[in-house]
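Per-entry structural report
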Amino acid sequence: MAPDLRSTRTLLHPLWLGALALLVLNDHALKGSGVLPGWLTGKLSDFAGLVVAPAVLASLLRVTSRRGFLGAHVVIGVVFSAIKLAPEAARAVEGLTALTPLPWRITVDPTDLIALPVLLASYRVLGEAMARPAPARPVAHRLALMAGSLSCVATSYDPPPCGEAEGCAPPQPQELASLVIGNTTGTEQLIRVRRLRESVRVDCGVVLDDPTSALSRDLFANAETWLIAPGRALPLGNAGCDAYLIDADGLPLTLLAWSAAEFPEQEVVTSTENPQPDRMITLQRAGARLELVEHPAIFPAPPIETPAPAGACGASANRSGLDWTVPVSRAGVLTGVTSSPDGCHALALDRGETFFLCAPAEAIPFSEGDVLHVSAVAIDGGRYPELLQDQLAFARGLHIESETHAVLALRGNVLARWSMVGRQPAAHFTADLSPLAACGGFHDACGSLVEPLEASLLGDGVSGVVSLRPGESAALAEGAGALFLVRADDMPVRDAECFTVPVDQPRLLESVLVAAAAAP
């Protein structure tokens, strides 16, 4: 026989009644009294409310199964988490309740999630109470349900205005944010906000030195629209180094950029009355137009069309990069080489397979009839002088060996060296990379900021000091062949999703080593 389960039985359990009493006492006596600190009364409401609310929801839905009772707890937990983590979710719920006689005011505070384990205790204890035989008490159940419903509403209900009572100060609405945009225009304003894509990586020092030049419009996500009521403020978060593009009807596109070190996230007032100093960017009227009051985080928006790279930058922007495929058959006889205008070469093997190597033509020294041995190269770890501080080597490449020549093509944050594939002579050298003269950087097709470099090589593997620009080559020590520098860029601002290979590095180097086979 199936057990008789009734969710209304939970409303007379001591745990639920105790949580209800605590919720009512806290919201209507302790909050604002000064007896307990504000952060503690807020947390007490969360703990008590997460016991009261699931049973109320289950009773309103007339749940008669443990699965349904669990579902009520899951729903309450999901909604609670959403409004405590996402300002947009909190604003959506506020918007819905604003249509009722009992509007809510929700404070977004991720620390409130510490109360979530209470849901587990509520489900286990009150779930057992559903099955306990008890005398029918319809009046008591209805009164408890009514009290629980009203208490859940009251815990988020906006307190009445203070009026003219002496010493009365209404609480200021707050959100976890770095800055807020405050609407002082007297009317609702629809603001469009575009944030940097999640895939964008930035060097904060480079960005904040000149945000307008360092960033491109292509780096920003699609716009979100927010309706800001008069006297309210839109919170903007930034836990690291972030940027936003904002505009509205009558407000030209404007760039906001700042670091968490300058404006760390904290509880910020979202009302234009008594705002926190430096935390509010004020939106005001300027005749028929709108404007933002001067603030350290405001900059001109990047241009609509990215300027074309010029001079030395242009040569770097138009140069073909390094790329390759790895054949399934790691050895075979070369039957032909077909080169295309874009710098890619198709190498056909005798078994009907073709693989590709996009590299300078001089880096393809093989002839028809050569027996090629092809292998992939992976560099994970190690220290090299051209690495940026605190970085380890990371690169991927292709090694081709024949009876007459050897080729090592490498892309990553280090230059190619024969020691990476165990070939002698290793031709040891150090490399010092510096910005390319007469090139301040440019934005590529992805919107990433590219700053071309030139390399200075010295050591036993080279004769004297050798300077290399992308597109140039240098002879190494006897027997070690030549080093071709295909690409050398710093990318302090980049879109990681735009790379076609797993190399997401602030420094990207592409190089090819070519040498004659060692004498037998």
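Residues numbered from 1 in each chain as written. Predicted model: local features only at pLDDT ≥ 70, side-chain atom pairs only at ≥ 80, totals over all residues. Heavy atoms only, no water.

Re the sheet that holds strand 10 (residues 280-286)
- Read from one edge of the open sheet, 4 strands run 6-2-10-11, paired in mixed fashion. Both outer strands of the open sheet, strand 6 (233-236) and strand 11 (289-292), are each paired with one neighbouring strand and no more. Across this sheet, the average inter-strand angle for adjacent strands is 20 degrees, counted without regard to direction.
- Both strand 2 (residues 179-183) and strand 10 contribute to a ladder of 4 bridges, which runs parallel. (Pairing = 2+ DSSP bridges. Helix = DSSP H or I, 4+ residues; strand = E, 2+ residues; numbered from the N terminus. Axes fitted to C-alpha atoms, helices over the stretch in contact; angles between N-to-C directions.)

Considering unusual backbone geometry
- Cis geometry is adopted by the peptide bond preceding Pro-425, which originates at Gln-424 and carries an omega value of -5 degrees.
- Tracing the sequence through the fold places Pro-425 in the loop between strand 19 (405-412) and strand 20 (430-435).
- Phi is positive for Arg-62, which is not a glycine, with a value near 55 degrees.
- Residue position: Arg-62 is located in the loop between helix 2 (38-60) and helix 3 (66-85).
- When its relative accessible area of 71% is taken as the criterion, Arg-62 is described as exposed.
- With a phi angle near 65 degrees, Ala-438 is a residue other than glycine that sits in the positive phi range.
- With respect to the helices and strands, Ala-438 occurs in the loop between strand 20 and strand 21 (442-443).
- Look at Ala-438 and you get exposed, because its relative accessible area is 75%. (Buried < 20%, exposed > 50% of the residue type's maximum accessible area, 1.4 Å probe, protein only.)

Notes on helix 5 (residues 117-129)
- The terminal C-alpha atoms of helix 5 lie 19 Å apart, and with 13 residues this matches the ideal 18 Å at 1.5 Å per residue to within 8%.
- Within helix 5, the full set of buried residues consists of Val-118, Leu-119, Ser-122, Tyr-123, Leu-126, Gly-127 and Ala-129. (Expected span 1.5 Å × (residues − 1).)

Here's the deal with the confidence of the model for the protein
- With 89% of its residues at a pLDDT of 70 or more, the protein has an overall mean of 85.
- Summarising per-element confidence for the protein, the mean pLDDT is lowest in helix 6 (residues 138-154) (70) and highest in strand 12 (residues 298-300) (97). (pLDDT = per-residue confidence, 0-100.)

Let's talk about the packing of aromatic side chains
- Tallied over the entire structure, the rule returns 2 aromatic pairs.
- Taken together, a centroid distance of 5.7 Å and an interplanar angle of 10 degrees make the contact between Tyr-244 and Trp-258 stacked. Placement of the pair is Tyr-244 in strand 7 (residues 241-248) and Trp-258 in strand 8 (residues 251-259), with a sequence separation of 14 residues. For the pair Tyr-244 and Trp-258, one class covers both residues: buried.
- The ring of Phe-429 has Arg-417 lying over it, and the distance from NZ or CZ to the ring centre is 4.5 Å.
- Above the face of the Trp-418 ring, Arg-423 is positioned so that its terminal group lies 4.9 Å from the ring centre. (Phe/Tyr/Trp six-rings, centres within 6.5 Å; stacked < 30°, edge-to-face > 60°. Lys NZ or Arg CZ within 6 Å of the ring centre and 35° of its normal.)

Things to note about the nonpolar core
- The biggest cluster of nonpolar side chains holds 32 residues, and the ones touching the most others in it are Leu-410, Leu-457 and Leu-468.
- If we skip the residues at most four places from it in the chain, Leu-410 touches Leu-322, Val-377, Ile-379, Ala-395, Arg-396, Gly-397, Leu-415, Ala-416, Met-420, Leu-509, Glu-510 and Ser-511.
- By size, the runner-up hydrophobic cluster in this structure holds 26 residues, among which are Phe-69, Ile-76, Ala-115 and Tyr-123. (Core = buried A, V, L, I, M, F, W, Y, C linked by side-chain atoms within 4.5 Å. Contact = heavy atoms within 4.5 Å.)

Focus: the packing of helix 3 against helix 5
- The N-to-C vectors of helix 3 and helix 5 enclose an angle of 155 degrees; their axes lie 10 Å apart at closest approach. One finds that helix 3 runs roughly antiparallel with respect to helix 5. For the pair helix 3 and helix 5, the crossing hand works out as right-handed. Side by side, helix 3 and helix 5 meet where Arg-66, Phe-69, Leu-70, His-73, Ile-76 and Gly-77 of the first sit next to Leu-119, Ser-122, Tyr-123, Leu-126, Gly-127 and Glu-128 of the second.
- Across the contact of helix 3 with helix 5, the residue classes break down as 6 nonpolar, 4 polar and 2 charged. (Parallel < 35°, antiparallel > 145°, perpendicular 65-115°, else oblique. Left-handed = near helix turned anticlockwise from the far one by under 90°. Nonpolar A, V, L, I, M, F, W, Y, C, P; charged D, E, K, R; others polar.)

Points about the state of the cysteines
- Applying the stated criterion across every chain yields a total of 3 disulfides.
- Through a disulfide, Cys-446 is tied to Cys-498; the S-S separation comes to 1.4 Å. Within this pair, whereas Cys-446 is found in the loop between strand 21 and strand 22 (449-458), its partner Cys-498 is found in the loop between strand 25 (482-495) and strand 26 (507-516), the two being separated by 52 residues in sequence. (Disulfide = S-S within 2.5 Å.)

Some remarks on the pattern of salt bridges
- All told, the structure shown has 14 salt bridges when counted by the stated rule.
- The partner of Arg-66 in a salt bridge is Glu-128, and the shortest N-O contact between them spans 3.7 Å. A residue pair is termed long-range when its members are at least 10 positions apart, and Arg-66 in helix 3 and Glu-128 in helix 5 qualify at 62 residues.
- Residue Arg-66 is classed as partly exposed on the basis of its relative accessible area of 26%.
- Judged by relative accessible area, Glu-128 falls into the partly exposed class, the value being 44%. (Salt bridge = Lys/Arg side-chain N within 4 Å of Asp/Glu carboxyl O.)

Let's talk about helix 3
- Under the 1.5 Å per step criterion, the end-to-end length of helix 3 is 28 Å for 20 residues, consistent within 8% with the ideal 28 Å.
- Taken residue by residue, helix 3 has Phe-69, Ala-72, His-73, Ile-76, Gly-77, Phe-80, Ser-81, Ile-83 and Lys-84 as its buried positions.

Here we look at the sheet that holds strand 8
- Ordered by their spatial adjacency, 5 strands build an open sheet running 5-3-7-8-12, and the pairing between neighbours is antiparallel. Edge strands, defined here as strands with exactly one partner in the open sheet, are strand 5 (224-228) and strand 12. Put simply, the sheet's adjacent strands are angled 35 degrees from each other on average, direction ignored.
- Sheet analysis places strand 3 (residues 189-195) next to strand 5, joined by 5 bridges and oriented antiparallel. When the sheet's bridge partners are listed, Arg-192 is paired in strand 5 with Thr-225.

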